[in-house]
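Spelled out, the chains give:
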Amino acid sequence: MGKELEQANKSLFFLTVLLGSILLSWQALWIQREGLCRGDATDVSRLRLAASVLVVLSLAVFFCLALHSRRDAEGTAGEGSADINVLASLLVLLAALLRLADLLREPKNVPADDGGDVFQSLLGS
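Summarised in this report is the structure supplied together with it. (Residues numbered from 1 in each chain as written. Predicted model: local features only at pLDDT ≥ 70, side-chain atom pairs only at ≥ 80, totals over all residues. Heavy atoms only, no water.)

**Details of the environment of R48**
Right, on to step 1. Mapped onto the fold, R48 is located in helix α2 (residues 45-73).
Right, on to step 2. Residue R48 is classed as partly exposed on the basis of its relative accessible area of 24%.
Right, on to step 3. Taking C-alpha positions, R48 is 9.0 Å from L29, a pair spaced 19 residues apart along the chain. (Helix = DSSP H or I, 4+ residues; strand = E, 2+ residues; numbered from the N terminus. Buried < 20%, exposed > 50% of the residue type's maximum accessible area, 1.4 Å probe, protein only.)

**Re helix α3 (residues 79-105)**
Every α-helix carries 3.6 residues per turn, so stepping three or four residues along brings you back to the same face.
Right, on to step 1. Here α3 is 27 residues long and its end C-alpha atoms lie 39 Å apart, about the 39 Å a rise of 1.5 Å per residue gives.
Right, on to step 2. If you check which residues of α3 are buried, you get A82, V86, S89, L93, A96, L100 and L103.
Right, on to step 3. Where α3 is buried, its residues touch α2. (Expected span 1.5 Å × (residues − 1). Contact = heavy atoms within 4.5 Å.)

**Regarding the nonpolar core**
Right, on to step 1. Judged by nonpolar contacts, F14, V17, L24, A28, V44, L47, A50, A51, L54, V61 and L65 together constitute the single largest core of 11 residues.
Right, on to step 2. Sorting the residues of this core by element identifies α1 (2-38) and α2 as the ones contributing at least two each.
Right, on to step 3. Counting residues per element, this core draws most heavily on α2, at six residues.
Right, on to step 4. Not counting residues up to four positions away in its chain, the partners in contact with V44 are A28, I31 and Q32. (Core = buried A, V, L, I, M, F, W, Y, C linked by side-chain atoms within 4.5 Å.)

**A few points about a nonpolar patch on the surface**
Right, on to step 1. Taken together, the side chains of L87, L90, L91, L94 and L97 present a nonpolar region at the surface, about 420 Å² in accessible area.
Right, on to step 2. The exposure class assigned to L90 is partly exposed, which follows from its relative accessible area of 31%. (Patch = residues over 30% accessible without salt bridge, like charges linked within 9 Å, V, L, I, M, F, W, Y side chains within 5 Å. Areas by Shrake-Rupley, 256 points an atom, 1.4 Å probe, with all protein chains shown as cover. Salt bridge = Lys/Arg side-chain N within 4 Å of Asp/Glu carboxyl O.)

Shown next, in the form of structure tokens:
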């Protein structure tokens, strides 16, 4: 039962990370909306990029968990369900990677090579 508890704890943590990414996306939209109300063009690309990175990280972990579950279900009645879960996890991860690639393709979204990272720029450091 220790392995299942560890997986449940990991899933809860990465669901929390996903919630954090949703909050970042919400904040980006709120800032953008407020800028539009003032007639300003507000750049929220760093927030969107950070949110997207958190989503990809979390979904990669869930994909790995699905692969482990698939391996554990091999030869059992749950094997078919595990196969579908792996496919679903892969498709969702690919969608998030496409979104991240699209964000990175825009020149203003590519982090500068100044030794800083996205999260430092969010904090204004």
